[in-house]
Amino acid sequence: MKQSTIKLNTGARIPQVGFGTWKIKPNSAAKEAVTSTLEAGYRHIDTARIYMNEKGVGKAINNSSIPRNEIFLTTKLWNTNHRDPRAAFEKSLKRLDTDYIDLYLIHYPVRARVASWKVMEELYAEGKAKAIGVSNFTIRHLTELMEQTNIVPAVNQVEFHPFLYQKDLLEFCTKHGIVVEAYSPLAHGQKLDDPTLKQVAHKYSKVPSQIMIRWAIQHGMVVLPKSTQPERIAQNIDVFDFAITEPDMALLDGLNINLRTCWDPTDAV
Ligand code: A2P
């Protein structure tokens, strides 16, 4: 499977389609799903402490025949663990049964974020986290962080799909060299029957989910679809044999209705 990658501000390359594991639990289900994922050609797995599946993800990676350094692994610092981010990181390493994390993220912009970021800068300097980034940050949160700390986040992982086209945030991140990672890129499956999406999918002989993923890729983002079904896992990465034209991209951009299927961090202090 041919996969495209994007360069992070660390110089490392991140596979543009990753597998999101939110809600895939217990550990046995995560192990099964990640195993299918690796077999389907994914080399980028996104988990988090709060998904409660790090052990299963680690088992799938370690049981596969793929060398660890060929898999890009992300996990995240949960809101209640900011008192000791280093201890939280070490526990994630242990559960994932690995020596390093490719990308460690602040999961949500809680108050302690700036102090925690300084610890994450240390983890980065020590080579334990190969890149550090944030999730659910708005332009305001990013500006504040960049004013008060030294390292610009490598990524900002946010909900992003044609029905939540956050153009200003994408432009801001691009200007600062921050890669946007789209979570819930399928809008949780809520919009797969949208007539415009279906019409575009028909035109390219693809299915609506593939159009949503391809749209995010062409906007220069990393995309993190999730599924527990092997056929869909394979379908969601089969998006590198076609390109959406500019007019069709514009048509999809026009679907925006600011639909949030997850958190809205706009007012997070
Ligand atoms: P399932 O796990 O049964 O495949 P998102 O990534 O935006 O959060 O969306 C995830 C939801 O979309 C899940 O409910 C998942 O269900 C569903 N889904 C994932 N891939 C596909 C696909 N290729 N076609 C249809 N539904 C999908």
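Residues numbered from 1 in each chain as written. Predicted model: local features only at pLDDT ≥ 70, side-chain atom pairs only at ≥ 80, totals over all residues. Heavy atoms only, no water.

(A) Quick peek at the overall build of the protein. Check the secondary structure of the protein and you find 10 helices and 10 strands. Here the protein has a C-alpha radius of gyration of 18 Å; the compact-globule value for 269 residues is 18 Å, and the two agree. In the protein, buried positions account for 55% of the 269 residues. Here the contacts in the protein between residues at least 6 apart in sequence split such that 74% fall between residues at least 24 apart. In the structure as shown, the protein presents an accessible area of about 11800 Å², 50% of it carried by carbon and sulfur atoms. Where the 33 positive side-chain charges of the protein centre and where its 29 negative ones centre are 4 Å apart. (Helix = DSSP H or I, 4+ residues; strand = E, 2+ residues; numbered from the N terminus. Rg over C-alpha atoms; globule rule 2.2 N^0.38 Å. Buried < 20%, exposed > 50% of the residue type's maximum accessible area, 1.4 Å probe, protein only. Contact = heavy atoms within 4.5 Å. Areas by Shrake-Rupley, 256 points an atom, 1.4 Å probe, with all protein chains shown as cover. Lys, Arg positive; Asp, Glu negative; His and termini not counted. Charge placed at Lys NZ, Arg CZ, Asp CG, Glu CD.)

(B) Structural view of the site of the ligand. Around the ligand, a shell composed of 16 residues is seen, among which Leu186, Lys226, Ser227, Arg232 and Gln235 lie nearest. Pro185 is positioned with one of its backbone polar atoms (N or O) 3.5 Å from an oxygen atom of the ligand. Within the side chain of Arg232, an N or O atom sits 2.8 Å from an oxygen atom of the ligand. Residues belonging to the shell around the ligand are distributed by class as follows: 5 nonpolar, 9 polar and 2 charged. (Near = heavy atom within 4 Å. Polar contact = N/O pair within 3.5 Å; in protein donor to acceptor, adjacent residues only side chain to side chain. Nonpolar A, V, L, I, M, F, W, Y, C, P; charged D, E, K, R; others polar.)

(C) Spotlight on helix 5 (residues 139-148). For helix 5, the set of buried residues is His141, Leu142 and Leu145. The arc that holds the buried residues of helix 5, viewed along the axis, is 95°, so those residues lie on one side. As for helix 5, its buried residues are in contact with helix 4 (113-125), strand 7 (132-135), strand 8 (155-159) and helix 6 (167-175). (Arc of directions from axis to C-beta.)

(D) The arrangement of the pairing of strand 9 (residues 179-183) in detail. Of all the 5 residues making up strand 9, 5 are buried; the element is thus mostly covered by neighbouring parts of the structure. Side chains Val179, Glu181 and Tyr183 of strand 9 all project onto a buried face; the interleaved residues Val180 and Ala182 project onto the opposite face, where all are buried too. Looking at chain direction, strand 9 and strand 10 (residues 222-224) are connected through 3 bridges and run parallel. Following the sheet pairing, Tyr183 is matched in strand 10 by Leu224. (Pairing = 2+ DSSP bridges.)

(E) Spotlight on the sheet that holds strand 7. One open sheet accounts for 8 strands, arranged 3-4-5-6-7-8-9-10; its pairing is parallel. The sheet is open, and its two borders are formed by strand 3 (19-20) and strand 10, each paired with just one other strand. Pairing of strand 8 with strand 9, which is carried by 5 bridges, proceeds in the parallel orientation. Among the inter-strand pairings, Val158 is bridged to a residue of strand 9, identified as Ala182.

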